[in-house]
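Listed here are the chains, written in short residue letters.
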Amino acid sequence: MAALNRSTLRRLQNLPQIPSVWEGDRRPLSNADSHAIVDDDDFLEGGGECILWVDGSEGVVRAMDMVGPDAGPEAIVRALLRAMEHPQSPSPAVRPQKIVVKNREIQFYLRGVLQDLGIAIDYVPELPLIDEIFRGMEEVAVNRPPELPPEYADVLMEKAAQIWHDAPWQTLREHQIISIEVNQWDVASLYVSVLGQGRMDYGVLLYRSLESLKRFRERVVNDDSFEDLEQAFLGQDCLFLTFESAMELDEDEEEIDLADLPPSEIEPNFGNLHPLEGLRSILYEEEALTMLVALEAFHRFFRNSRRKLAAETFPTLSSRYRIPVPLADGETQQVSVKVSTMPEVSDELWQMLEDDDDDDDDDDEFEMPPLRDDLVPPNSFLSLGVVPWATVDFLRGNAQFYQGAEVDINPSGDGLPVVMIQTSHPKAKTMIQDLKEAEGVKAICFNPGEDPFQDEQYDLGILQAKNGDLYLFGEFNEDDPVHQAARQKWERRCQSTQGWCGLVIAKGLMGASRGQPQLKDMIALFEVRWVSAKDLGIGPLQLMPTF
């Protein structure tokens, strides 16, 4: 059994001892919330275990760690020492008078390690406070509604597979709109816009009103700022079906086109957008039925009219169909729908784009703010990775500084993709203050850069502050395969969170947690947008000589 060294014992003995009882336990978790950081890019896959130390007298969590199932009993001692010296809650550093556990092996181990600290270690059959915490975590997982109603999930997946096979984006452009008269479930008509002509995002948007569709297209054309575009996106009123890769891509597949993948590797995503709800990756029963009917009607119409729709001029076409809908009692309902092209609306949307192109030709050259390199301290540890959603929730309530997103981030995937910057505690606090004075962080981007004198290409990590300032946080060689693999995985995760990511500032650069900051080390979380170099709009940057 490992023992505490004498200097550590003396330091702990000098802590004031208070008449409180702490609960401690270590329990397995089977979901993604149990993931813990194992390197600068990824987290433990599969199951993990959660270590909790709770002050039962105050009702606060003093330490929480997520470790792998093979971690030894030393892990629970490490968490306990942090709970005493560096509690994650705003509590003083103290020793408890008594500790209670419900595991005999943990009890005997702690008695041996802590025998010189004057702490009673007792066994109890139940830990009510910790039980309540874990019960709450389980209820959140159990009560989370399914993304699709179970009774319609299979048939919706079949309809999605039909749309992927049809590949309407090879024929239709986004401004070529098709209406579907449903007249069911409080939906009169849906207006279909197809994504995929740009060979980036593939899918089908089904707007509930023409006003919403036109308003979105107009705002996309006219609004330049990220906040305006974000509000335009969230202001849509539509159902959607989009597609993404179901598998992790290799590092040499950064620019892969989904259309080149076999159907077995394509994963459909359903959801809803509404100005008052925002983005929701869940369909409820009536929405699922509406989507089912609309996708089948669109599939039939496109299959029957493909050649005519491919004409140079968007044609005037109309067809009627009766779509069978399975009901909960096993019966089938026939829904009559009418599908029509909308050439006049399509011309109007196309004219918006033409007018925007004309305006762009007349725009004066804008003045780019200077790229500053004085934010991140020298010798900081930088990594691209992901923070599990359980850790995100913890940081939202416990970090010394938290900048939240303007909307609720959909907790999809294995966590929030983050840029992690670890430095010393004083320098971390200075970074946070600098960003607060810059009104916070607006976006994270990777932008191309070059050194023409050395003939080298770089990937520049850039933070955009809300006041417009640009800060360089990292300079990576474009040919570095490790960075390229990390960035590709990071950006795929950003796509799964609908473009949201985070900046985490951590302390502990010179300690044992260097490169693997623990929860107690993460002192700031900024939830921000991930933007492409094109969206940032500054173009490739070139190193200029100084004299």
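None of the values given here were measured: they were computed from a predicted structure.

Comments concerning the overall build of the protein
- Looking only at helices and strands, the protein has 13 helices and 23 strands in total.
- Within the protein, the proportion of its 547 residues that are buried is 50%.
- Partitioning the intrachain contacts of the protein with sequence separation of at least 6 by distance along the chain shows that 69% fall at a separation of at least 24.
- Accessible surface for the protein amounts to roughly 27,100 Å². Of this, 47% is attributable to carbon and sulfur atoms.

A closer look at helix H5 (residues 150-166)
- Helix length check: H5, at 17 residues, gives a terminal C-alpha distance of 25 Å against a target of 24 Å (1.5 Å per residue), a fit within 8%.
- Turning to H5, its buried residues number three or more, namely Tyr152, Ala153, Val155, Leu156, Lys159, Ala160, Ile163, Trp164 and Asp166.
- At its buried positions, H5 is contacted by strand S8 (202-207), strand S9 (238-245), strand S10 (266-274), helix H8 (285-309) and strand S12 (318-326).
- Ala167 sits one or two positions beyond H5 and adopts a positive phi of about 50°.

Some thoughts on the sheet that holds strand S3 (residues 60-67)
- Judged by pairing direction, the sheet is mixed, and its five strands sit side by side in the order S3-S2-S1-S4-S5 without closing on themselves. Strand pairing shows two members of the sheet lacking a second neighbour, S3 and strand S5 (120-123), which therefore form its edges. Going from strand to strand, the sheet's axes swing by 20° on average, the running direction of each strand aside.

Remarks on the side chain of Ser281
- Residue position: Ser281 is located in the loop between strand S11 (278-280) and H8.
- Side-chain polar atoms of Ser281 contact the side chain of Asn410, separated by 2.9 Å.
- Other than its neighbours up to four places away in sequence, Ser281 contacts Glu147, Phe270, Gly271 and Asn410.

Considerations on the packing of H5 against H8
- Axis separation between H5 and H8 bottoms out at 10 Å; the angle between their running directions is 25°. Between H5 and H8, the angle is such that the two are roughly parallel. When the axes of H5 and H8 are compared, the crossing they make is left-handed. Where H5 abuts H8, its residues Glu151, Tyr152, Val155, Leu156, Lys159, Gln162, Ile163 and Asp166 lie against Glu285, Ala288, Leu289, Met291, Leu292, Leu295, Glu296, Phe298, His299, Phe302 and Arg306.

So, the confidence of the model for the protein
- For the protein, per-residue confidence averages 84 on the pLDDT scale, and 87% of positions sit at 70 or higher.
- For residues 250-254, every residue scores under 50 in pLDDT, and the model assigns this stretch 10 contacts once sequence neighbours within four places are set aside.
- A low-confidence stretch, residues 362-366 (pLDDT under 50), is modelled with one contact involving residues beyond four sequence positions or located in other chains.

Remarks on the packing of aromatic side chains
- This structure, assessed with the given rule, holds 10 aromatic pairs.
- Aromatic rings pair up to connect Trp164, Trp169, Tyr202 and Phe243 into one cluster.
- Seen from the ring of Tyr123, Arg104 lies directly overhead, with NZ or CZ sitting 3.7 Å from the centre.

A few points about the sheet that holds S11
- Spatially, the eight strands line up as an open sheet ordered S11-S10-S9-S8-S7-S6-S13-S12, and their pairing is antiparallel. The sheet terminates laterally at S11 and S12, the two strands that pair on one side only. Adjacent strand axes in the sheet meet at a mean angle of 25°, parallel and antiparallel pairs treated alike.
- Judged from the eight bridges that link them, S9 and S10 form a sheet pairing that is antiparallel. Paired with Leu239 across the strands is Asn272, a residue of S10.

Quick look at helix H1 (residues 6-13)
- Residues of H1 that are buried: Thr8, Leu9 and Leu12. Angularly, the buried residues of H1 cover 100° about the axis, an arc narrow enough to put them on a single face.
- Buried positions along H1 lie against helix H2 (74-85) and strand S4 (95-101).

Details of a negative patch on the surface
- Residues Glu151, Asp186, Glu285 and Glu286 make up a contiguous surface patch of negative charge.
- Tracing the sequence through the fold places Glu151 in helix H5.

The rules behind the values
Residues numbered from 1 in each chain as written. Predicted model: local features only at pLDDT ≥ 70, side-chain atom pairs only at ≥ 80, totals over all residues. Heavy atoms only, no water. Helix = DSSP H or I, 4+ residues; strand = E, 2+ residues; numbered from the N terminus. Buried < 20%, exposed > 50% of the residue type's maximum accessible area, 1.4 Å probe, protein only. Contact = heavy atoms within 4.5 Å. Areas by Shrake-Rupley, 256 points an atom, 1.4 Å probe, with all protein chains shown as cover. Expected span 1.5 Å × (residues − 1). Pairing = 2+ DSSP bridges. Axes fitted to C-alpha atoms, helices over the stretch in contact; angles between N-to-C directions. Polar contact = N/O pair within 3.5 Å; in protein donor to acceptor, adjacent residues only side chain to side chain. Parallel < 35°, antiparallel > 145°, perpendicular 65-115°, else oblique. Left-handed = near helix turned anticlockwise from the far one by under 90°. pLDDT = per-residue confidence, 0-100. Phe/Tyr/Trp six-rings, centres within 6.5 Å; stacked < 30°, edge-to-face > 60°. Lys NZ or Arg CZ within 6 Å of the ring centre and 35° of its normal. Arc of directions from axis to C-beta. Patch = residues over 30% accessible without salt bridge, like charges linked within 9 Å, V, L, I, M, F, W, Y side chains within 5 Å. Salt bridge = Lys/Arg side-chain N within 4 Å of Asp/Glu carboxyl O. Lys, Arg positive; Asp, Glu negative; His and termini not counted. Charge placed at Lys NZ, Arg CZ, Asp CG, Glu CD.

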